[in-house]
Amino acid sequence: MNFSNADIAAIWLTLQLATTVTVVLLIIGTPIAWWLARTQSWLKGPVSALVAMPLVLPPTVLGFYLLLAMGPNGAVGQLTQSLGLGTLPFTFSGLVIASVFYSMPFVVQPIQNAIEALGNRPLEVAATLRAGPWDRFFTVVLPMAKPGFITAAILGFAHTVGEFGVVLMIGGNIPGETRVVSVQIYDHVEALEYGQAHSLALSMMAFSFFVLLALYGFRRTQGTSHMKYGA
Amino acid sequence: MNRSMPTNNTNHNDKLIHARFLFTPPSASPQAFTLDVDIKIPGTGITAIFGDSGSGKTSLLRCIAGLESADKGELCVNGDIWQDAQTCLPTHKRPLGYVFQESSLFPHLTALGNLKYAMKRSGKVTSPDFYEHVIDIMGIAPILSRNPHQLSGGERQRIAIARALLIQPQLLLMDEPLASLDFARKLEILPYLERLHASFNIPILYVSHAMDEVARLADHTVVMAQGKVVAQGSLADVFSRIDLPIRFHEETGVILQGKVVERDKQWHLTRIAFSGGELWVADGDDELDQSVRVRILARDVSLALSCPDNSSVLNRLRVEVTELNDDDTAAMSLIRLKAGDEYIIARVTRKSVARLAIKTGDLLWAQIKSVAVVR
């Protein structure tokens, strides 16, 4: 396997993107999952459907609307421009935002399932032991739903590494900024550099295989399943 | 046993728990009742909240703990307001301990880790003496390093009770802590609960539908049916009533306080005196002069117009009929009898009532076939 500098830049960018997206998703996905797991509101159905939409939509659809929204004439674009941030498409930040939407269900659902499986009782017990809401989250929910969180992080990371359509719509193909591994492979193939394409493609295959292997191994040792789909 | 029977006195110096709740469980829940209670409970000793399943006793406990948000609620515990029209302390701000029906230990912590979870949050220093005392009373020293799943059901409940004690509560709530255990485990835990009662000066609300537990543990009782309180008071008062809207079926019976006055070595019997006379019971390990609690089931009491000298029944009491009422089956009657200052109940057939022409004010002989010392 010989990687060119461009290949290595693409791999590095991909890892950066996946890490950032995973961290962001764990932070914003957890409250969404918490709410979905515990609400009695009629909004639960619509919000669940919205979160799950990236599973069924072609990435181009999601990418198209995000592009419009974040573009110079879109609502988000207007906002970012008025804040002096310019527009987000074709930037790393834009890519992060798009990927957060795209990988959302893979993070929210395992956490939601884990919290649902936990039930209300451990939280009630903690409350009778004088634990406040944050205390309960960090000392009861987090440790007891840990397998769900780990599954969510692995799936969110792996799924972001594997995306292509959304990247192409939002990020384009800017070296060091938005050109991730999947796009780099596409470029190699376009340029008929099959050897280069093989190196990266095989690496991706190996990465995916070992990630999923690790995930299944982890699930077996935990003895519980918090995944509805994905892995 | 040095225990006084507090009265339902509304004097401000008295320890008192005043609870008023109106609560309709969410429609999804299986109970189809509205909890509507306004009670004053003594702020000392064990108060049993007794009733059939679905009578609202667990809902009442959960309202007191703040685990259910009542539509209307007022709660004052020994002078501290926990809930009224303006304020409603969330559960974690109420100085209570709660023992749940099924195992509630955190599975990701060891037994000791569960105890430390409470100690860390008690807001008070846990003195080594107090800690040792709790561990000792609950008999859990050898199992502290184990994980919850390595413990038996009874051991888990003992850890859970210790955990609730180590939070140093001003009120201990126990929701059928023995209901999830089999009979043998139940017998294993009851002595620990008795010791708990004797060792710690914490008022306890003890939800139960098991008469034997109530008879053994409680000082006072609140009887609930369909979300409402139908009777409350001392055990002797409440369980000697036959005018309640609910029936206790085979478990109908009274609880009397007596004193050991003689131990007959030859026949292995103990003589217990109470205001209405004397009772012979099978010899136990009760000391002379010891105060004991006995339970007389209504089905073990039969009635005669004259003193039956040729009967095998040892215990005969001169009693006065004060009240008659129907039992839950068409064949049976309940008869309330006064013996000294105490009451006992006889459960006899209606046919016998008619045959002996029993009516209020009659003086009869009650034959008691079996007396159980419960404590």
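Conventions we followed
- Each chain carries its own residue numbering, running from 1 in the direction its sequence is written.
- As they are written, the chains are lettered A onward and the ligands numbered 1 onward, keeping that order.
- Predicted model: local features are reported for residues with pLDDT of at least 70 only, side-chain atom pairs are reported and counted for 80 or more only, and whole-chain, interface and lining totals are derived from all residues.
- To get the side-chain values, all heavy atoms of the structure are used, and hydrogens and water are removed first.
- Strands pair, by our definition, only if DSSP identifies at least two bridges between them.
- Going along the chain from the N terminus, every DSSP run of H or I of four or more residues is numbered as a helix, and every run of E of two or more is numbered as a strand.
- pLDDT runs from 0 to 100 and stands for how confident the predictor is about each residue.
- Residue contacts are defined here by distance: any two heavy atoms, one from each residue, within 4.5 Å place the two residues in contact.
- Once two parts are joined, some of their accessible surface, as seen by a 1.4 Å probe, is lost; buried area is that loss totalled over both.
- By salt bridge we mean one thing: a side-chain nitrogen of Lys or Arg within 4 Å of a carboxyl oxygen of Asp or Glu.
- N or O atoms closer than or at 3.5 Å make up a polar contact, with two conditions inside protein: a donor-capable atom paired with an acceptor-capable one, and, for residues adjacent in sequence, both atoms drawn from side chains.
- Gly is placed with the polar residues, together with every amino acid not listed as nonpolar (Ala, Val, Leu, Ile, Met, Phe, Trp, Tyr, Cys and Pro) or charged (Asp, Glu, Lys and Arg).
- Cysteine sulfur atoms are paired as a disulfide whenever they fall within 2.5 Å.
- For each residue, the accessible area found with a 1.4 Å probe, counting protein chains only, is set against the maximum for its type, and the residue is called buried under 20%, exposed over 50%, and partly exposed in between.
- Domain borders in the structure are assigned automatically or taken from a domain database.
- Axes, fitted as lines to C-alpha atoms, cover a helix only where it is in contact. Angles between the N-to-C directions of the axes lie from 0 to 180 degrees.
- Each angle is binned into one of four classes, with values under 35 degrees roughly parallel, values over 145 roughly antiparallel, values of 65 to 115 roughly perpendicular, and all other values oblique.
- Working rule for handedness: look at the near helix, and if it is turned counterclockwise from the far one by less than a right angle, call the crossing left-handed; if clockwise, right-handed.
- In a helix, the anticipated span is given by 1.5 Å times the number of residues less one.
- Throughout, the arc means that of the directions going from the helix axis to the C-beta atoms.

Asks: Would you take a moment to explain the sheet that holds strand S13 (residues 277–282) of chain B for this structure?
Replies: Strand pairing in a sheet relies on backbone hydrogen bonds, with the paired strands running either antiparallel or parallel. Residue and element names in this part refer to chain B. Pairing in this open sheet of 5 strands is antiparallel, and the strands run S13-S12-S11-S14-S20 from one edge to the other. What marks the edges here is a single partner per strand, and that holds for S13 and strand S20 (372–373). In this structure, strand S11 (residues 253–264) lies alongside strand S14 (residues 291–297), joined through 7 bridges in antiparallel fashion. Across the sheet, Gly253 pairs through a bridge with Leu297, a residue of S14.

Asks: Teacher, can you tell me more about the confidence of the model for chain B here?
Replies: Low-pLDDT stretches of the model should not have their predicted coordinates read in fine detail. Residues and elements named next belong to chain B. A residue-level look at chain B finds 95% of positions with pLDDT of 70 or above and a mean pLDDT of 89. No element of chain B has a lower mean pLDDT than S20, which averages 84, and none a higher one than helix H2 (residues 111–121), which averages 96. Predicted complex metrics record ipTM = 0.85 and pTM = 0.84.

Asks: Explanation requested: the interface of chain A and chain B in the structure shown.
Replies: You'll often see interface size given as the accessible area lost when the parts meet. In this assembly, 18 residues from chain A lie in contact with 22 residues from chain B. Counting the surface lost from both chain A and chain B, the interface buries some 1700 Å², and carbon and sulfur atoms represent 61% of this. For chain A, the biggest contributors to the area lost against chain B are Thr128, Leu129 and Arg130 of chain A; these three give 44% of the whole. At the surface where chain A touches chain B, the tally comes to 3 salt bridges. Where chain A touches chain B, the interface holds 8 residue pairs in polar contact (both at pLDDT 80 or more). Looking at the side of chain A that touches chain B, its residues break down into 10 nonpolar, 3 polar and 5 charged.

Asks: Please clarify how the state of the cysteines should be interpreted in this entry.
Replies: Disulfides are covalent bonds that connect the sulfur atoms of two cysteines. All names here are of chain B. On inspection of all chains with the given rule, the structure shows 0 disulfides over all chains. Free of any disulfide, Cys63 has its nearest cysteine sulfur in Cys88, 9.6 Å distant. For Cys63, a relative accessible area of 1% puts it in the buried group.

Asks: Whenever I open this one, the domain arrangement of chain B confuses me. Can you help?
Replies: Domain assignment breaks chain B into domain 1 (12–238) and domain 2 (253–372). Computed from C-alpha coordinates alone, the two centres of domain 1 of chain B and domain 2 of chain B are separated by 34 Å.

Asks: Would you explain the packing of helix H6 (residues 121–128) of chain A against helix H7 (residues 133–144) of chain A in this entry?
Replies: When two helices pack together, their arrangement is given by the angle between the helix axes and by the axis-to-axis distance. Residue and element names in this part refer to chain A. At a minimum axis separation of 10 Å, H6 and H7 run at an interaxial angle of 150°. Here H7 runs roughly antiparallel to H6, going by the angle between their axes. Where H6 crosses over H7, the handedness of that crossing is right-handed. Residues Pro122, Leu123, Ala126 and Ala127 of H6 form the contact with H7, whose participating residues are Arg136, Val140, Val141 and Met144.

Asks: Hey, could you run me through helix H3 (residues 59–70) of chain A in this one?
Replies: Residues and elements named next belong to chain A. For H3, which comprises 12 residues, the first-to-last C-alpha distance of 16 Å matches the rise-based estimate of 16 Å (1.5 Å per residue) to within 8%. Turning to H3, its buried residues are Leu62, Gly63, Leu66 and Met70. What you see down the axis of H3 is that its buried residues fit within an arc of 95°, all on one side. Packed against the buried residues of H3 are helix H4 (75–82), helix H5 (92–118) and helix H9 (165–171).

Asks: In this structure, what is going on with the sheet that holds strand S18 (residues 342–349) of chain B? I would like to understand it.
Replies: Residue and element names in this part refer to chain B. Within the open sheet, the 5 strands sit side by side as S15-S19-S16-S17-S18. Their pairing is antiparallel. Since the sheet does not close on itself, it has two edges, and those belong to strand S15 (301–304) and S18, each with one partner. Taking the axes of each pair of neighbouring strands and ignoring which way they run, one obtains an average angle of 45° across the sheet. For strand S16 (residues 315–326) and strand S17 (residues 332–339), the ladder comprises 6 bridges, and the chain directions are antiparallel. Considered in S17, the bridge of Leu324 is made with Ile335.

Asks: Help me understand the pattern of salt bridges, please; the structure alone is not making it clear to me.
Replies: Any two side chains of opposite charge can pair, given that their charged atoms come close. Considering all chains together, one arrives at 27 salt bridges over all chains under this definition. The closest approach of N and O atoms between Glu116 of chain A and Lys44 of chain A, which form a salt bridge, is 3.5 Å. Pair noted here: Glu116 of chain A is in helix H5 and Lys44 of chain A is in helix H2 (residues 44–56), with a separation of 72 residues, a long-range link. Glu116 of chain A gets classed as partly exposed once you look at its relative accessible area, which sits at 35%. The salt bridge partner of Asp219 of chain B is Arg293 of chain B, with a shortest N-O separation of 3.9 Å. On the criterion of sequence distance, the pair formed by Asp219 of chain B in the loop between helix H6 (211–217) and strand S9 (220–225) and Arg293 of chain B in strand S14 is long-range, its members being 74 residues apart. Its relative accessible area of 3% is what places Asp219 of chain B among the buried residues. Salt bridges sharing common partners tie together Arg121 and Glu124 of chain A together with Arg62, Glu68 and Glu102 of chain B.

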